[in-house]
Amino acid sequence: MVDDASIFSTQWTDLPAAIAGSLSVEQLLDRYLGYIRKSTFALIQPVTQESGIELRLFGTGLSLISFLPPFYEDGFSTLRICGGFLVQPHQCDRGEFRFGVEHLPQCERISLQLSDYCPLILGSQSPSRARFWLYRVTQAAIHRLVTVRFLSLLFHELAGPSAGVRIVKVAVRSGKPV
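The numbering scheme is per chain: residues are counted from 1 as the chain's sequence reads. Reporting in this predicted model follows two pLDDT cut-offs: at least 70 for local features of residues, and 80 or more for side-chain atom pairs to be given and counted; totals over whole chains, interfaces and linings ignore these cut-offs and use all residues. Processing note: side-chain calculations cover all non-hydrogen atoms of the structure and skip hydrogens and water entirely.

Engineer: In this structure, what is going on with the packing of aromatic side chains? I would like to understand it.
Structural biologist: How two aromatic rings sit relative to each other is given by the distance of their centres and the angle of their planes. Pairing of aromatic side chains here covers Phe, Tyr and the six-membered ring of Trp, requires ring centres within 6.5 Å, and sorts the geometry by plane angle: under 30 degrees stacked, over 60 edge-to-face, intermediate tilted. Per the stated rule, a full pass over the model turns up six aromatic pairs. Relative to Trp133, the ring of Phe132 lies with its centre 5.7 Å away and its plane at 85 degrees, an arrangement referred to as edge-to-face. Among the aromatic side chains, those forming a connected cluster through ring pairs are Tyr32, Tyr35, Phe97, Phe99 and Phe150. In this scheme, Lys NZ or Arg CZ marks a charge over a ring once it lies within 6 Å of the ring centre and within 35 degrees of the ring normal. A cation sits over an aromatic face here: Arg98 above Phe76, 3.9 Å from the ring centre.

This is how it looks when you write it as structure tokens:
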């Protein structure tokens, strides 16, 4: 959590170029949305429309989080947050979820980055200790689990099931760890 109580989270995996193949950011985004549906047993339904993408709660029209249509540029697909139940109402025009496929000299870096996100659970730019801990043990834990597991499964799919995955915590920005 950064100083303004918005959330920044980034996860990535480095793949040897030989196994990354021609994975594009469009494919990465599609795989992620499919993974969300599958890993939640279709409880969360990604819905793609002309107006953007919504992650809806199954059987309802309730959008948990809404994004504008993807914006593609320089190996990244950016989904700008524009609303949803899990977003602070007065902060709906902030935040983004970026998917990246970067060609680095030694590897292909596949990344997921959430930034400037203002969760409803936190309530404001100065959340109470209770709200912070509630966010930490619910939404933050789920987000971390989902993104790390997605990247691990993608790595195993491309590198083979016996390929070792190592999770390393890295501080890339200052703030309060969630």
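Engineer: For this particular structure, what's the right way to read the nonpolar core?
Structural biologist: Note that soluble globular proteins tend to have their nonpolar side chains buried in a common cluster. Definition of nonpolar core: a set of buried residues of the types Ala, Val, Leu, Ile, Met, Phe, Trp, Tyr and Cys, connected through side-chain atoms within 4.5 Å. Buried means the residue's accessible area, taken with a 1.4 Å probe over protein chains only, is under 20% of the maximum for its type, while exposed means over 50%, and partly exposed covers the values in between. Residues Tyr32, Phe67, Phe97, Phe99, Ile110 and Tyr117 are the most contacted members of the largest nonpolar core, which totals 40 residues. Strands here mean DSSP runs of E at least two residues long; helices mean DSSP runs of H or I at least four residues long; both are numbered from the N terminus. Of all the elements in the fold, those that place two or more residues in this core are strand E1 (7-15), helix H2 (25-39), strand E3 (52-57), strand E4 (63-67), strand E6 (76-83), strand E7 (96-103), strand E8 (108-117) and helix H3 (129-159). Considering each element in turn, this core owes the most residues, eight residues, to H3. Pairs of residues are marked as contacts when any of their non-hydrogen atoms sit within 4.5 Å. Contacts of Ile110, omitting those with residues within four sequence positions, involve Gln11, Trp12, Thr13, Leu15, Leu23, Leu28, Gly100, Val101, Leu151 and Leu154.

Engineer: Could you clarify how one ought to interpret the side chain of Glu54 in this entry?
Structural biologist: Summarising the element assignment, Glu54 is placed in strand E3. Under the rule applied, a polar contact is a pair of N or O atoms within 3.5 Å (in protein, one hydrogen donor and one hydrogen acceptor; residues adjacent in sequence only if both atoms are side-chain atoms). In this structure the side chain of Glu54 is engaged in a polar contact, spanning 2.6 Å, whose partner is the side chain of Arg56.

Engineer: Is there a simple way to think about the pattern of salt bridges in this case?
Structural biologist: Any two side chains of opposite charge can pair, so long as their charged atoms come close to each other. Any carboxyl oxygen of Asp or Glu within 4 Å of a side-chain nitrogen of Lys or Arg constitutes a salt bridge here. A complete count under the given rule lists six salt bridges for this structure. A salt bridge links Arg94 to Asp4; the shortest N-O distance between them is 2.7 Å. Of this pair, Arg94 sits in the loop between E6 and E7 while Asp4 sits in the segment before E1, and the two are 90 residues apart along the sequence. Under the relative-accessibility criterion, Asp4 is labelled partly exposed at 27%. Members of the salt-bridge network, linked through shared partners, are Asp4, Arg94 and Asp116.

Engineer: Help me understand a nonpolar patch on the surface, please; the structure alone is not making it clear to me.
Structural biologist: On the surface, Leu62, Phe85 and Leu120 cluster together into a nonpolar patch covering about 240 Å² of accessible area. Relative to the helices and strands, Leu120 resides in the loop between E8 and H3. Since its relative accessible area comes to 31%, Leu120 is described here as partly exposed. Patches were defined on residues exceeding 30% relative accessible area and lacking a salt bridge, with like-charge contacts within 9 Å and nonpolar side-chain contacts (Val, Leu, Ile, Met, Phe, Trp, Tyr) within 5 Å. Under the convention used here, a 1.4 Å probe and the Shrake-Rupley method define accessible areas, while residue burial counts only the protein chains that appear.

Engineer: Looking at this structure, how should I read H3?
Structural biologist: Structurally, the α-helix is built with 3.6 residues per turn, so residues lying three or four positions apart point the same way. For a helix, the expected span equals 1.5 Å multiplied by the number of residues minus one. Across its 31 residues, H3 extends 42 Å between first and last C-alpha, which sits within 8% of the 45 Å expected from 1.5 Å per residue. Among all positions of H3, only Phe132, Tyr135, Gln139, Ala140, His143, Val146, Thr147, Phe150, Leu151, Ser152, Leu154 and Phe155 are buried. Contact partners of the buried residues in H3: E1, H2, E7 and E8. Gly160 lies just past H3 and shows a positive phi near 110 degrees.

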